[in-house]
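Chain and residue survey
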Amino acid sequence: MLPQAPHWLATALLLATAVVALGLTVQLIPGASTGELGVDQDISRHHVALLTGAAMALNLLFGPAAGVLAIGAVALFLLVARGAPVNAVAFSLMASSGWVASELFKLLIERQRPDPTLLFDPLAPEIGPDSFPSGHVTFAVTLAFAVYFLARGTRWSKFAAVGGVVVTVVVAWSRLYIGVHYPSDVVGSLLAGSMAVILTAGLWNRLAPIAWRRLQGSAATRRFLT
């Protein structure tokens, strides 16, 4: 069973509402994006080589291609080395839920990305109506929780919790540093990622045991569900 928030469905719906409200606010209020662009422009004027290298590395590592490889590698390890197929599936669903959530909100809000031509030093110019929320940050949130859920109850749990927070904050910083998102995109990503975690955990705890018993039904597999 995954850790579950009280009133998980209502909490998830409340967070989803907050994401939509924030997205529509910054999308529809005249001048909102212009004001936030100043933050990206200020950061763009102060790029240094070391930080640029770190930001570009995070841009790659938390992108879809590298993310799929990372999730697949962990899932394969859990399946083959640990003999824990349920944990492998749970980890994969939890980690990837951030992408699903971010894509749904992107389609709904359709906020244009910061104009790279207005930045002093655009590092990875991107255009299109997919700025809100950041998929990289939302994925970082759900990946951090997925790793923590695997580590909970072990000596690595505190390290996983602290490391997850640090990584998420650093990834959020990197999106502003590169100049491909507004600050409110990052805030929306934290809310969207939290919603995805709460919703995925709640649905998993209710549906996974039923599905797994129907697929396998043996005592050897049922013990992984408790």
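Rules and cut-offs
- Residues numbered from 1 in each chain as written.
- Predicted model: local features only at pLDDT ≥ 70, side-chain atom pairs only at ≥ 80, totals over all residues.
- Heavy atoms only, no water.
- Phe/Tyr/Trp six-rings, centres within 6.5 Å; stacked < 30°, edge-to-face > 60°.
- Buried < 20%, exposed > 50% of the residue type's maximum accessible area, 1.4 Å probe, protein only.
- Helix = DSSP H or I, 4+ residues; strand = E, 2+ residues; numbered from the N terminus.
- Salt bridge = Lys/Arg side-chain N within 4 Å of Asp/Glu carboxyl O.
- Polar contact = N/O pair within 3.5 Å; in protein donor to acceptor, adjacent residues only side chain to side chain.
- Contact = heavy atoms within 4.5 Å.
- Axes fitted to C-alpha atoms, helices over the stretch in contact; angles between N-to-C directions.
- Left-handed = near helix turned anticlockwise from the far one by under 90°.
- Nonpolar A, V, L, I, M, F, W, Y, C, P; charged D, E, K, R; others polar.
- 1 Å grid on protein atoms, 1.4 Å probe; cavity = no way out; pocket = protein on both sides within 12 Å on 5 of 7 lines; lining within 4 Å.
- Points joined across faces, edges and corners; volume = space filled by probe spheres on them.

**Focus: the packing of aromatic side chains**
Here the structure, examined in full by the defined rule, presents 6 aromatic pairs. Taking the centre distance of 6.1 Å and the plane angle of 55° together, the rings of Tyr148 and Phe149 count as tilted. Of the residues examined, Tyr148 reaches a relative accessible area of 29% and is grouped as partly exposed. Taken together, the ring pairs in this structure connect Phe62, Trp99 and Phe139 into an aromatic cluster.

**Quick word on the environment of Leu107**
Within the secondary structure, Leu107 is located in helix 5 (residues 85-109). The class of Leu107 is exposed, set by a relative accessible area of 62%. Distance from Leu107 to Ala84, taken between C-alpha atoms, is 35 Å for residues 23 residues apart in sequence.

**Observations concerning unusual backbone geometry**
The omega angle of the peptide bond from Phe132 to Pro133 is -10°, so this bond is cis rather than trans. Relative to the elements of secondary structure, Pro133 occurs in the loop between helix 5 and helix 6 (135-151). At His7, a residue that is not glycine, the phi angle is positive and equals roughly 50°. Within the fold, His7 resides in the segment before helix 1 (8-28). Positive phi values are uncommon outside glycine, yet Glu110 reaches one of about 55°. By secondary structure assignment, the location of Glu110 is in the loop between helix 5 and helix 6.

**Section: the pattern of salt bridges**
What the rule picks out here adds up to 4 salt bridges. A salt bridge links Asp185 to Arg111, with the shortest nitrogen-to-oxygen separation between them at 2.8 Å. Linking Asp185 in helix 8 (residues 183-215) with Arg111 in the loop between helix 5 and helix 6, this pair joins segments that are 74 residues apart in sequence. By relative accessible area, Asp185 is classed as buried at 0%. Two residues, Glu126 and Arg113, come together in a salt bridge whose shortest N-O distance is 3.3 Å. A residue pair is termed long-range when its members are at least 10 positions apart, and Glu126 in the loop between helix 5 and helix 6 and Arg113 in the loop between helix 5 and helix 6 qualify at 13 residues. By relative accessible area, which is 27% here, Glu126 ends up partly exposed. Here Arg113 falls in the buried class, since its relative accessible area comes to 10%.

**Some remarks on the side chain of Ser97**
You can see Ser97 is positioned in helix 5. Within the structure, Ser97 has its side chain in polar contact with the backbone oxygen of Met94 (distance 2.7 Å). Setting aside anything within four residues of it in sequence, one finds Ser97 in contact with Thr142, Ala196 and Thr200.

**Quick word on the packing of helix 1 against helix 5**
Where helix 1 contacts helix 5, the axes come no closer than 10 Å and their chain directions differ by 40°. Helix 5 is crossed by helix 1, and the crossing has right-handed handedness. Taken together, the residues of helix 5 that come into contact with helix 1 (itself represented by Ala16, Val19, Val20, Gly23, Leu24 and Gln27) are Phe105, Leu108 and Ile109. Looking at side-chain class alone, the contact of helix 1 with helix 5 contains 7 nonpolar, 2 polar and no charged residues.

**Some words on empty space enclosed by the protein**
Across all of its chains, the model carries 1 cavity of 30 Å³ or more by this definition. The calculated volume of the largest cavity comes to roughly 40 Å³. Taken together, Pro114, Pro116, Leu119, Pro122, Leu123, Ala124, Pro125, Glu126, Ile178, Gly179 and Val180 make up the lining of the largest cavity. Across the lining of the largest cavity, the residue classes tally to 9 nonpolar, 1 polar and 1 charged.

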